[in-house]
Amino acid sequence: MPNPMRARRPDAPPPPEGLTLRAFLGVFRYSRHAVELVWSTNRTLTLGLAALTLLAGILPVTVAYAGGRIVDAVVAAMRAGHGAGVPEVLTWVIIEGLLVAALAAAHRGLTVARSLLRVQLGQRVNEMILQKAVTLELHHFEDSEFYDKLTRARREASSRPVSLVTRTFGLAQNLIGLGGFAVMLASFSPWAVLALLLAGVPAFIGEAKFSGDAFRLFRWRSPETRMQT
C-alpha cells in the first residue's frame, strides 16, 4: 500500500528520469520512425537534407585543411623570397574561399529543405490525425489523456518530426566533423585528439539532461493547455 506522505502532488511535474544508456539509445528508435515518416512525405527533400548534412559535416574539415595549407605556403614563400610562392598562396586562398562559399550554400540549403519539409509534413500529419479521428467514438474524445495526446500531435505536427530528423542528421554531421578533425590532429598530437573528445562530453550531458527536462515539462503542461483552450 503506497505511503500517502510520499505520494506526489497531482499538480507537480513528473520526477526526472535518470540519464541511462538504455534511455539514450531509445531515442534512436523514435528517430527511425520520424525518418520513415519524413521519407514517406517527400523522398527528394529527405535525400537532399541527408546530402546537405553530409556536405556540411565534411566542408569544415576541408576549410581547416585549406587554411593549414595557406599557412604552409606563406611560410614557404617567405623562405624562398622574390615572390616565388605567391601563386601557390593565391591558389589556396581561392580554394578556401570556394569551400567557405560552398559551406554557406549548404547551410542555406539545409534551411530551405527544413522549411519545405516542415510545411509538407505538417499537412500530412494533420490529414492522418483527421482520418484517425473520423474512426473514433465519442468516449475517446471525452478521455482527457487521449485528447491531450491528440492535441499534442496536432499542435506539434509541423515541427517535432522534422526537428527529430534534423537533430539525428545533425548528430551524424557532428560525428563526421569530429572524426575529420581527429584525423587531422592525430598527426599533430594524440593528446589533442583526446582533449577534443573530452571537450564535448560536458555539453552533451547538459544538452541531454535539460532537453529531457524540457520535454517532461511540456507534457506536464498539456492538460492545463487543453483546459485553457
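Residues numbered from 1 in each chain as written. Predicted model: local features only at pLDDT ≥ 70, side-chain atom pairs only at ≥ 80, totals over all residues. Heavy atoms only, no water.

Draft legend 1. View of the overall build of the chain. Each helix and strand in the chain was counted, giving nine helices and zero strands. In the chain, the order of α-helices and β-strands from amino to carboxyl end is α-α-α-α-α-α-α-α-α. (Helix = DSSP H or I, 4+ residues; strand = E, 2+ residues; numbered from the N terminus.)

Draft legend 2. The packing of helix 2 (residues 43–80) against helix 6 (residues 160–186), seen in detail. Across the interface, helix 2 lies against helix 6 with an axial gap of 9 Å and an inter-helix angle of 25 degrees. Overall, the two elements helix 2 and helix 6 adopt an arrangement that is roughly parallel. Both helix 2 and helix 6 take part in a crossing whose hand is right-handed. Listed contacts from helix 6 to T46, L49, A50, T53, L54, A56, G57, I58, P60, V61, A64 and Y65 of helix 2 are V165, F169, G170, Q173, I176, G177, G180, F181 and M184. Here the contact of helix 2 with helix 6 is built from residues that sort into 14 nonpolar, seven polar and no charged. (Axes fitted to C-alpha atoms, helices over the stretch in contact; angles between N-to-C directions. Parallel < 35°, antiparallel > 145°, perpendicular 65-115°, else oblique. Left-handed = near helix turned anticlockwise from the far one by under 90°. Contact = heavy atoms within 4.5 Å. Nonpolar A, V, L, I, M, F, W, Y, C, P; charged D, E, K, R; others polar.)

Draft legend 3. Representation of a nonpolar patch on the surface. Judged by side-chain polarity, W191, L194, L198, V201, F204 and I205 come together as a nonpolar surface patch covering roughly 620 Å² of accessible area. Those elements that provide at least two residues to the nonpolar patch are helix 7 (190–199) and helix 8 (201–220). (Patch = residues over 30% accessible without salt bridge, like charges linked within 9 Å, V, L, I, M, F, W, Y side chains within 5 Å. Areas by Shrake-Rupley, 256 points an atom, 1.4 Å probe, with all protein chains shown as cover. Salt bridge = Lys/Arg side-chain N within 4 Å of Asp/Glu carboxyl O.)

Draft legend 4. A look at the side chain of T53. By secondary structure assignment, the location of T53 is in helix 2. Judged by relative accessible area, T53 falls into the buried class, the value being 6%. One polar contact links the side chain of T53 to the main-chain carbonyl oxygen of L49, over a distance of 2.6 Å. Ignoring anything within four residues of it in the chain, the contact list for T53 reads L110, F169, G170 and Q173. (Buried < 20%, exposed > 50% of the residue type's maximum accessible area, 1.4 Å probe, protein only. Polar contact = N/O pair within 3.5 Å; in protein donor to acceptor, adjacent residues only side chain to side chain.)

Draft legend 5. Up close: helix 5 (residues 144–155). The first and last C-alpha atoms of helix 5 sit 16 Å apart over twelve residues, in line with the 16 Å expected at 1.5 Å per residue. Where helix 5 is concerned, the buried positions are D148, L150, T151 and R152. (Expected span 1.5 Å × (residues − 1).)

Draft legend 6. The nonpolar core, seen in detail. Counting residues in each nonpolar core, the largest one holds 16 residues, and the members touching the most others are V38, L49, L117, L121, V125 and V165. Residue assignment for this core shows that the elements contributing at least two residues are helix 1 (21–41), helix 2, helix 3 (86–134) and helix 6. For this core, the element with the most residues is helix 3, which contributes six residues. Aside from chain neighbours lying at most four places away, what touches L49 is L110, A113, R114, L117, V165 and F169. L59, I70, W92 and L99 belong to the second-largest nonpolar core, a separate cluster that totals seven residues. (Core = buried A, V, L, I, M, F, W, Y, C linked by side-chain atoms within 4.5 Å.)

Draft legend 7. How the structure looks around the packing of aromatic side chains. The final tally for this structure, using the stated rule, is one aromatic pair. Where Y65 meets W92, the ring centres are 6.1 Å apart and the plane angle is 80 degrees; that geometry is what we call edge-to-face. Of the two residues, Y65 sits in helix 2 while W92 sits in helix 3, which places them 27 residues apart along the sequence. Among the residues examined, Y65 registers a relative accessible area of 44% and is labelled partly exposed. Residue classification places W92 among the buried positions, given a relative accessible area of 16%. (Phe/Tyr/Trp six-rings, centres within 6.5 Å; stacked < 30°, edge-to-face > 60°.)

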